[in-house]
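Topology and contacts: notes
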Amino acid sequence: MFLILVTELTTANFISQYDTRPNRIFLDYLIYPKEVFGTLLKSYLPSLIIIGILLIVGIYFGVKKSKTLFLIKVVSFKTRLLLFPAILFLLFLGARSSLTSKRPINASNAVFSTDQMTNSLGLNSLYTVGFAAYSIKNEENVMKMYGTMEINESYQRVKKYMTTDTNSFTFDSIPLLHSNKSDTISTKKYNVVIFLQESLGAEFVGSLGGLPLTPEFDKLTKEGLLYTNLYCTGTRSVRGIEAVVAGFPPTPSESVVKLSNSQKDFFTLATAYGNEGFNTSFIYGGMANFDNMASFFNGNGFKNIIDETDFDSDKNKYALKGTWGYSDEDLATKANQYFKSLGDKPFFSMMFSTSNHEPFEFPDGRIQLYDKKKQTVNNAIKYADFSIGKFIELAKKEAYFKNTIFVIIADHNTRTYGKNLIPIKKFRIPALIIGPNVPKGEIVDLQSSQIDIPPTILSFSGLKTETPMIGRSLFEITKNSKGRSMMQFHDNFGFRVQNEIVILQPKSKPVQFKVINDSILIPSKLDTELAKDALAHLIVAENLYKTKTYRLKNK
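Residues numbered from 1 in each chain as written. Predicted model: local features only at pLDDT ≥ 70, side-chain atom pairs only at ≥ 80, totals over all residues. Heavy atoms only, no water.

Topic: the overall build of the chain
What counts, and what does not: By definition, any uninterrupted DSSP run of H or I lasting at least four residues is a helix, any uninterrupted run of E lasting at least two residues is a strand, and each is numbered from the N terminus. For the radius of gyration, the atom set is restricted to C-alpha positions; the globular benchmark scales as 2.2 Å times the number of residues to the power 0.38. For this analysis, residues touch if any pair of their heavy atoms sits within 4.5 Å. Note on areas: these come from Shrake-Rupley sampling with a 1.4 Å probe, and a residue is covered only by the protein chains present in the view. His residues and chain termini do not enter the charge count, which takes Lys and Arg as positive and Asp and Glu as negative. We put the charge of a Lys on NZ, of an Arg on CZ, of an Asp on CG and of a Glu on CD.
Across its full length, the chain holds 19 helices and 18 strands. Expected size for 555 residues packed as a compact globule is a radius of gyration near 24 Å; at 25 Å, the chain falls within 12% of this value. Its C-alpha atoms put the chain at 90 × 55 × 45 Å along the principal axes. Long-range contacts, defined as pairs at least 24 residues apart, comprise 70% of the intrachain contacts of the chain with a sequence gap of at least 6. Carbon and sulfur atoms make up 58% of the accessible area of the chain, which amounts to about 25200 Å² in all. Placing the 65 positive and 51 negative side-chain charges of the chain at their respective mean positions leaves the two points 6 Å apart.

Following this line, the structure appears as structure tokens:
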């Protein structure tokens, strides 16, 4: 009863952040007490105080008043024997929910609405957390959750959405290995810097029709190529990392950043560039061990990891160290110094921002506040945009700038919620590419996925290499190419082609909707072939992970 009380008291704040009852995320964050407690202390202090008082009251009544609140009366053995069959029947019925169902009661019994939040309200939070813990063993079995398909058929269905010629898949033991197209783009190899932005959804980007919070980013769009119809693959940073750095599609399992089979010899862009003699680095103002990033990066091509500890030991004076680490402008300064220090050595690097994360801490006097209260998401995004501008401004003063491709892209949106099984509008994110040979002031309006960015980066940077990525390089799509994106929202997987989306739910039949303006989903007749294509992408991703074939050839 105490555990029920704890989980229910924490539910309100969890819902306000994630638009669902406590789930796997609730368990994930328990292993990062420093960052999480710091966030709770600074953003939810009143709630912590109220919850603390209520728990003390609950413990008091549980300990001091238990004899009167929970009266235990001993009855004779004969009476217990007579009552036992009735009690056993009620327990059995309560566990199974019916006498005819093939399966015992589970979370899917609460699914009756197209609103994810509404469905979760029918459960209690101790159950949803326990169910999440229990379901971990099932999250790595796509066929058990969504349906079965022959593995060869799955690969063929995935390949038809790729832009690679069918004869180019020549290495059977690595089924998706193929060459990317870059030789016609550039004969010179360029440096690459990916500036991954925490929680920068399209709704906050002025040049994408959002709030006027990104003047620096908007100015930079005149200097590069802007994706206006791009969708992230998930709602967590690790999901964005696996898409942007590895080009790996989403699955109902945990991100490959945290899974055991992908901690070594798993393909990333750093692997590809490292094989060509590039210096490879990950630069982050926080602790790189968060969400297992350091382990994943270290085992998969990133030779240099620069994080909070390096900032701490640096003699330079930085602007702000907050709950999640050093501010974005400090990240810009540190990264610029590092790139300068490399001289003429080619490099590939990913920078990861922190400032646009609750409790939204950033230095004073940098921006004109959008909201009167300082620590809000709108102000934090405006500061993150200021830092983007500062980084590019610093880079333009250095020799490496003219030889570098810069990619500014979000990992996911902030607070993903909505009244649909998948809130598509909340998955739209910005991506901007600037640098040599990149068209200035142009846009890509074809519906694209986050996993399409890595192969495009390879093409722009002039690197010709084999990759197992299923994403589509901008230089390989044609006028006849159909827009395609995929999104993982809790246990729901969405596979969208043009304005039709198929949504797969655990142990349920696929459903299909017509998408209007990203916010309205109108039920439509199920296209069984499209539903099979959706399932194939999940099965292939799981198979690539389990068989350790998302990699390059062994040298």
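Some details on the side chain of Glu308
What counts, and what does not: By the criterion applied in these results, polar contacts are pairs of N or O atoms within 3.5 Å in which, for protein atoms, one can donate a hydrogen and the other can accept it, and in which residues neighboring in sequence qualify only through two side-chain atoms.
Mapping Glu308 onto the fold places it in helix 15 (residues 308-313). Within polar-contact distance, the side chain of Glu308 engages the side chain of Lys321 at 3.2 Å.

Describing the nonpolar core
Basically, it comes down to this: For this analysis, a nonpolar core means a set of buried residues of the types Ala, Val, Leu, Ile, Met, Phe, Trp, Tyr and Cys, connected via side-chain atoms within 4.5 Å. Exposure classes here rest on a 1.4 Å probe applied to the protein chains alone. A residue is buried below 20% of its type maximum, exposed above 50%, and partly exposed in between.
Ile194, Phe339, Phe391 and Ile409 are the most contacted members of the largest nonpolar core, which has 136 residues in total. If we skip the residues at most four places from it in the chain, Phe339 touches Val193, Ser281, Ile283, Phe347, Ser349, Met351, Phe391 and Tyr400.

A closer look at helix 18 (residues 453-460)
Residues that lie three or four places apart on an α-helix share one face, since the helix turns once every 3.6 residues. For helix 18, the tally of buried residues reaches 8 of 8 residues, placing the bulk of the element in the interior. Residue Gly462 follows helix 18 closely and has a positive phi angle near 80 degrees.

What to know about unusual backbone geometry
A negative phi holds for most residues other than glycine; trans holds for most peptide bonds. Put simply, Glu358 and Pro359 share a cis peptide bond, and its omega is 15 degrees. Examined against the element boundaries, Pro359 turns out to sit in the loop between strand 8 (347-352) and helix 17 (377-396). If you check the backbone angles, Ser199 has positive phi at about 55 degrees while not being a glycine. Tracing the backbone through its elements, the reader meets Ser199 in the loop between strand 2 (191-197) and helix 11 (215-220). Despite not being glycine, Asp291 has its phi angle at roughly 55 degrees, a positive value. Following the sequence through the fold, Asp291 ends up in the loop between strand 4 (279-284) and helix 14 (293-299).

Describing the pairing of strand 15 (residues 492-497)
One face of the sheet, then the other: side chains in a regular strand alternate in exactly this way. Counted only if it meets this: Two strands form a pair only when DSSP identifies at least two bridges running between them.
Of all 6 residues making up strand 15, 6 are buried, and the element is well covered by its neighbours. When strand 14 (residues 484-489) meets strand 15, the two strands line up antiparallel, connected through 6 bridges. The residue bridging Met486 from the neighbouring strand is Phe495, located in strand 15. In textbook terms, the turn of a hairpin is the stretch between consecutive antiparallel strands, and for strand 14 and strand 15 this stretch comprises 2 residues, one of which, His490, has a positive phi near 55 degrees. In this structure, the hairpin formed by strand 15 and strand 16 (residues 500-504) is closed by a connection of 2 residues, where Gln498 is found at a positive phi of approximately 55 degrees.

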